[in-house]
Amino acid sequence: MKKYILKDRSLSIISNILIILVWVLLSRLVDNEVIFPSIRSTITSLVEIIKDPKFFDMIRYSILRSLVGYLFSLFLAILMGILSSISKFLLNLMAPIINFLRSVPTMAIIILALIWLNNEYAPIFIGFIMVFPILYETVLESIINVDKNIIDMANLYRVDKIYIIKDIYIPNILINLSLVSTSTLGINLKMVIAGEALSQPKYGIGSHLQLQKIYLNTPGVFAWIIIILSISKIFEHILKGVECMLDIDKWK
Amino acid sequence: MKYKVKNIVKYYGQLKVLDNISIDFAENKTTCILGPSGCGKTTLLNIIAGIIKPDSGKLVGFDGEDISFVFQEDRLIPWKNVRDNINFVLKGKMDRRKIESTVDKYLELVDLQEYKYYYPKNLSGGMRQRISILRAFAYPSNFLIMDEPFKSLDINNKQIVIQFFKKLRIAEKRTCILVTHDIEEALDLGDKIVIFSGRPARVKKVMENTYNLDRDEDNKRKLKMLIEKELIGG
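Residues numbered from 1 in each chain as written. Chains lettered and ligands numbered in written order. Predicted model: local features only at pLDDT ≥ 70, side-chain atom pairs only at ≥ 80, totals over all residues. Heavy atoms only, no water.

> Which parts of the structure should I look at to understand the layout of surface pockets?
Where empty space is left in the structure can be found by rolling a water-sized probe over the atoms. Estimated volume of the largest pocket: approximately 710 Å³. When contributions to the lining of the largest pocket are tallied by element, the ones reaching two or more residues are α8 (161-199) of chain A together with α2 (82-90) and α3 (96-109) of chain B. Considered class by class, the residues forming the lining of the largest pocket number twelve nonpolar, three polar and eleven charged. Taken as a whole, the second largest pocket encloses approximately 600 Å³ of empty space. Breaking the lining of the second largest pocket down by element, the ones donating at least two residues are α1 (2-30) and α10 (218-245) of chain A. Broken down by class, the residue content of the lining of the second largest pocket amounts to seven nonpolar, three polar and three charged. (1 Å grid on protein atoms, 1.4 Å probe; cavity = no way out; pocket = protein on both sides within 12 Å on 5 of 7 lines; lining within 4 Å. Points joined across faces, edges and corners; volume = space filled by probe spheres on them. Helix = DSSP H or I, 4+ residues; strand = E, 2+ residues; numbered from the N terminus. Nonpolar A, V, L, I, M, F, W, Y, C, P; charged D, E, K, R; others polar.)

> I keep staring at the environment of N219(B) and nothing clicks. Help me out?
All names here are of chain B. Within the secondary structure layout, N219 lies in helix α8 (residues 217-232). N219 sits ten residues away from N209 along the chain, and the two C-alpha atoms are 9.6 Å apart. Here N219 is in contact with T210, Y211 and D214, once residues within four sequence places are set aside. (Contact = heavy atoms within 4.5 Å.)

> Where do I start with the packing of aromatic side chains in this structure?
Two aromatic rings are characterised by how far apart their centres lie and by the angle between their planes. Overall, the coordinates contain 19 aromatic pairs over all chains when judged by the stated rule. Aromatic side chains Y157(A) and F69(B) sit 6.2 Å apart centroid to centroid with 85° between the ring planes, which places their arrangement in the edge-to-face category. Placement of Y157(A) in the loop between α7 (148-156) and α8 and of F69(B) in strand β5 (residues 67-70) is noted, with the two residues assigned to different chains. Looking at F69(B), the relative accessible area reads 5%, which means it is buried. Among the aromatic side chains, those forming a connected cluster through ring pairs are F72(A), F128(A), F132(A) and Y136(A). The positively charged end of R75(B) is found above the aromatic ring belonging to F71(B), 4.0 Å away from the centroid. (Phe/Tyr/Trp six-rings, centres within 6.5 Å; stacked < 30°, edge-to-face > 60°. Buried < 20%, exposed > 50% of the residue type's maximum accessible area, 1.4 Å probe, protein only. Lys NZ or Arg CZ within 6 Å of the ring centre and 35° of its normal.)

> What's the story with the packing of helix α3 (residues 55-86) of chain A against α10(A) in this structure? I'm lost.
Between two packed helices, both the angle of their axes relative to each other and the distance between the axes serve to describe the pair. Residues and elements named next belong to chain A. Direction vectors running N to C along α3 and α10 enclose 50°, while the axes themselves pass 12 Å from each other. By the angle between their axes, α3 is oblique relative to α10. Once α3 is placed against α10, the crossing between them reads as right-handed. Where α3 approaches α10, its residues F55, M58, I59, I63, S66 and L67 are matched on the opposing element by W224, I227, I231 and F235. Tallied by class, residues from the contact of α3 with α10 come to nine nonpolar, one polar and no charged. (Axes fitted to C-alpha atoms, helices over the stretch in contact; angles between N-to-C directions. Parallel < 35°, antiparallel > 145°, perpendicular 65-115°, else oblique. Left-handed = near helix turned anticlockwise from the far one by under 90°.)

> When you look at α7(A) in this model, what are you seeing that I'm missing?
Helical geometry note: an α-helix holds 3.6 residues per turn, so side chains three or four residues apart project in the same direction. Within α7(A) the residues assigned to the buried category are I150(A), I151(A), M153(A), A154(A) and L156(A). Considering only its buried residues, α7(A) is in contact with α8 of chain A together with α1 (41-49), β5, α2 and α4 (125-138) of chain B. Where α7(A) begins, one side-chain oxygen reaches toward the backbone nitrogen of N149(A), 3.0 Å away; that side chain belongs to D147(A). Among the residues trailing α7(A), R158(A) stands out with phi positive, at a value near 55°. (Polar contact = N/O pair within 3.5 Å; in protein donor to acceptor, adjacent residues only side chain to side chain.)

> Where do I start with unusual backbone geometry in this structure?
Excluding glycine, residues mostly have negative phi values, and the peptide bonds linking residues are mostly trans. Look at the link from R199(B) to P200(B): it is a cis peptide, with omega at -10°. For P200(B), the position within the fold is in the loop between β8 (192-196) and β9 (203-208). With phi around 55°, R158(A) is a residue other than glycine that occupies positive phi space. By the element assignment, R158(A) lies in the loop between α7 and α8. Although it is not a glycine, L216(A) adopts a positive phi angle of roughly 55°. Inspection of the secondary structure assignment puts L216(A) in the loop between α9 (205-214) and α10. Assessed through its relative accessible area of 57%, L216(A) is described here as exposed.

> For this particular structure, what's the right way to read the interface of chain B and chain A?
On the chain A side, the residues contacting the 26 residues of chain B number 20 residues. Across the chain B to chain A interface the summed buried area is about 2100 Å²; carbon plus sulfur atoms make up 66%. It is R75(B), W79(B) and F88(B) in chain B that bury the most area against chain A; as a group they hold 35% of the surface buried on that side. Between chain B and chain A we count three salt bridges in total. A salt bridge links D66(B) to R158(A); its shortest N-O distance comes to 3.3 Å. Applying the counting rule to chain B against chain A returns eleven residue pairs in polar contact (both at pLDDT 80 or more). Looking at the side of chain B that touches chain A, the elements with two or more residues in it are β5, α2 and α4 of chain B. It is β5(B) that provides the largest number of residues to the side of chain B that touches chain A, a total of three residues. Class assignment for the residues of the side of chain B that touches chain A results in 14 nonpolar, three polar and nine charged. (Buried area = accessible area lost by both parts, 1.4 Å probe. Salt bridge = Lys/Arg side-chain N within 4 Å of Asp/Glu carboxyl O.)

Structure, rendered in structure tokens:
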């Protein structure tokens, strides 16, 4: 096991070195900071962005929007998922809504959000719309596809419904949610930033990214990409920590 | 006889599955129901367990009775360790302290204390089935239903799990029904053997398993031949 982890880590390091090499090579080949910036100019931009007194406000607001949207999606997905698993009426009512949310173009949602909401809340709504269907279906499937053999066993042993919910259904939902948590959190953050780029709230990573575009400051865009990737990585680690605390993976 | 089924008839649509089944289950003995695969043995168990209703006939002694089960699959909850899997069926039946002492008592009885905190994933198929049997014995009931519990095990594990069951059976008094299609299994474990015909299932023969008393291999061979004759007879 340890051997595999070491192998994975070394492969990951090789992959990162490869990306940097390609970056250096391409920037030298293109030799145009506006089209493809060098590592040096990107790092200079990164330092400038971090030194900006508004930097932490920008990060704070984007993360806050992302978290608020995500937690709201999660809460609603759990609530609607449970209710849909109980009520056939609600299940059938939700099916076309989820289908619509899944297939409607992202850009259309962004534009509608910009029309309907003020620029502070539009990014939250955009993130919510993208993540809610995934979380809802995860919750619903966790309930519907729970191992029937185990439920039969519990019923035959006359285990109280409350214990069946607490010890079988809830852990099954949590386990399945943990499988999609990293990806959905990442999608949510990306969509919030996309929403910010278009709605231009006072503080937000997206607003600043849009500024870099207006000034054709490509190193600045690259620097922001590095910052966003770092935030995603931190999110991932925090999630892993929470999963460890809840012992979700202990049995695997 | 405390437990019995009388004149049970069951149809699935137009298909008659059970035809006038009557069996007496001797208290604290193991009754083996032996019959070809798919003849309706599990249907009878489901009727006894109260999962499905018979079209006619009646059950005596099972009303309100807590029943333990061992299935073909172990049916352990993957995210719970051995202790918590056994705990799970005991919840609401006794207080927390009693649950802990019951689990410890049974794990000790079969020398499996070291596996107390193991998760099912880390146990072999045979060990998981042993835990499933242990769960059935730890559950406070007088009646134990086993539906082909050794079917999915390889030959080595099967012998180990059968010995494990025998050990618990000696330590604990239970009225058991063991459903199987394996004659050796029935002769090895049953006090009484009930032979079912093919569909619709009827009771073809009820015999006392004298091999269980004398452990005489000649007797076993004779009984085996007799059972085979009955089963081949259709």
